[in-house]
Amino acid sequence: MTEPLSENTADVIVVGAGPAGSATAYHLAKSGLDVLLLEKTEFPREKVCGDGLTPRATKQLVAMGIDISEEAGWLRNKGLRIIGGGVRLQLDWPELASFPDYGLVRKRDDFDEQLAHNAQKAGARLYERCNVGAPIVDERTGRITGVNAKLGEEKREVTFHAPLVVAADGNSTRLSLAMGLHRREDRPMGVAVRTYFTSPRHEDDYLESWLELWDRRGAEDRLLPGYGWIFGMGDGTSNVGLGVLNTSDSFKELDWREVLKAWCASMPEDWGYTPENMTGPIRGAALPMAFNRQPHYTKGLLLVGDAGGLVNPFNGEGIAYAMESGQIAADVIVQAHARPTPASRELALQRYPQVLKDTYGGYYTLGRAFVKLIGNPKVMKIAAQRGLTHPLLMKFTLKMLANLTDPTGGDAMDRIINGLSKVAPKA
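None of the values given here were measured: they were computed from a predicted structure.

Criteria and thresholds
- Residues numbered from 1 in each chain as written.
- Predicted model: local features only at pLDDT ≥ 70, side-chain atom pairs only at ≥ 80, totals over all residues.
- Heavy atoms only, no water.
- Pairing = 2+ DSSP bridges.
- Helix = DSSP H or I, 4+ residues; strand = E, 2+ residues; numbered from the N terminus.
- Salt bridge = Lys/Arg side-chain N within 4 Å of Asp/Glu carboxyl O.
- Buried < 20%, exposed > 50% of the residue type's maximum accessible area, 1.4 Å probe, protein only.
- Expected span 1.5 Å × (residues − 1).
- Axes fitted to C-alpha atoms, helices over the stretch in contact; angles between N-to-C directions.
- Parallel < 35°, antiparallel > 145°, perpendicular 65-115°, else oblique.
- Left-handed = near helix turned anticlockwise from the far one by under 90°.
- Contact = heavy atoms within 4.5 Å.
- Nonpolar A, V, L, I, M, F, W, Y, C, P; charged D, E, K, R; others polar.

## Overview of the pairing of strand β10 (residues 144–151)
- Pairing of strand β9 (residues 130–137) with β10, which is carried by six bridges, proceeds in the antiparallel orientation. Bridge assignment links Val137 to a residue of β10, and that residue is Ile144.
- Hairpin connection of β9 to β10: six residues between the antiparallel strands, including Gly142 at a positive phi of 80 degrees.
- Alignment of β10 against strand β11 (residues 156–161), held across six bridges, turns out to be antiparallel. Of the residues in β11, the one forming a bridge with Lys150 is Glu157.
- Two successive antiparallel strands, β10 and β11, enclose a turn made up of four residues, where Gly152 displays a positive phi of approximately 75 degrees.

Next comes the structure, spelled out in structure tokens:
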């Protein structure tokens, strides 16, 4: 590993130690680069999330050497249970050469801490309670060369310097905004709200997805907008939440915490999703989707995870793509670092947005079309009622929504999904 140039100088600065930042820092440190990983809060810290991980995310954890055994506190799941249109369908994760056939569940406070310490173990230098403010920009070139920050309880002002900075600071990504990168309004945006209940269903080994949310409290049943989930945490609690897209007509009108309460109040009483069993407040967060902030590289700054809008528009999954984009960014940076001249390094870095587009662009374009369709309640209702009665169609849908296919040598479903992703525009 390269020796630290000084305490506040490194080869790369990574801002934000969520899954994207910690994965980036881990892969960079493993390749021998000197990395500063700057985290605004202190671990453990809470994040709004479903806490359910698909096989795609599981694969990334395995690649980073994380102990995902049950003894280490991870709960495995076998697949997805889909409920809607009066039908309940249980689908196992597909058996593929490229991905494991199980997912995981883990609370985000503990999950993020594990990833950050894993990066630290690989050689990254982690600073907690490090609130990054304005970027340091070279006036001559306009390139970012570091960041200003306030460190610790006493908010001591410090500057950190590096030729490359990775923005892994989530949906709000103040760093990207300060560098002039604004959100694309033509991309879908989701909102997730969730809470925890003590529940006898806490050991459920399927992630549960509800395509219809009903409020059954009044004289007439009312269909609520959005899609729900119930994930057993294995610790005596269930994570119960809902997601909604800004393509829905009621996106701005409704209080989503109230919608969640209405849905929970309509569930069977013995599940325990009642106010007295709630173990914490209802919290919400934005889900930036389908490359909603671009370019992903400019003037020494690379965007990973939510900062680059990498949430899958098909299913709202962010963690897998956060970790994958971290690995992709690290690979590009490592190659660029080995180039002898500034011009050749820049040429290597300019590849990063293209690699992301080649990897996800076509698939995310399909996802944007899907989001527009299901934003229409009539379409959603027909899809739920007709689709759920066809197990083969739903198996295809699961592969499509979770982005789980073998790139080569897969079955007919894999070839169709891969083919569609290939021909769709990579915007």
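More follows now that the structure is in view.
## Thoughts on the pattern of salt bridges
- Under the defined criterion, the tally for this structure stands at 18 salt bridges.
- Taking the shortest distance from any N to any O, the salt bridge between Lys78 and Asp205 comes out at 3.3 Å. One end of the pair, Lys78, is in the loop between β4 (75–77) and β5 (79–84); the other, Asp205, is in the loop between β13 (189–198) and β14 (206–210), and 127 residues separate them in sequence.
- Look at Lys78 and you get partly exposed, because its relative accessible area is 44%.
- For Asp205, a relative accessible area of 30% translates into the label partly exposed.
- Arg140 serves as the salt-bridge partner of Asp138, at 4.0 Å between the closest nitrogen and oxygen.
- Overall, Asp138 belongs to the partly exposed group, its relative accessible area being 25%.

## So, helix α6 (residues 319–337)
- Taking 1.5 Å per residue as the helical rise, α6 with its 19 residues ought to reach 27 Å, and the 27 Å between its terminal C-alpha atoms agrees with that figure.
- Across the 19 residues of α6, 14 count as buried, placing the element largely inside the fold.

## Brief notes about the packing of α6 against helix α7 (residues 342–349)
- Following both chains from N to C, one finds α6 and α7 inclined at 165 degrees, their axes separated by 8 Å at the closest point. In terms of axis orientation, α6 runs roughly antiparallel to α7. The handedness of the crossing between α6 and α7 comes out as right-handed. Two secondary-structure elements touch here, α6 through Val332, Ile333 and Ala336 and α7 through Arg345, Ala348 and Leu349.
- Classifying every residue of the contact of α6 with α7 gives five nonpolar, no polar and one charged.

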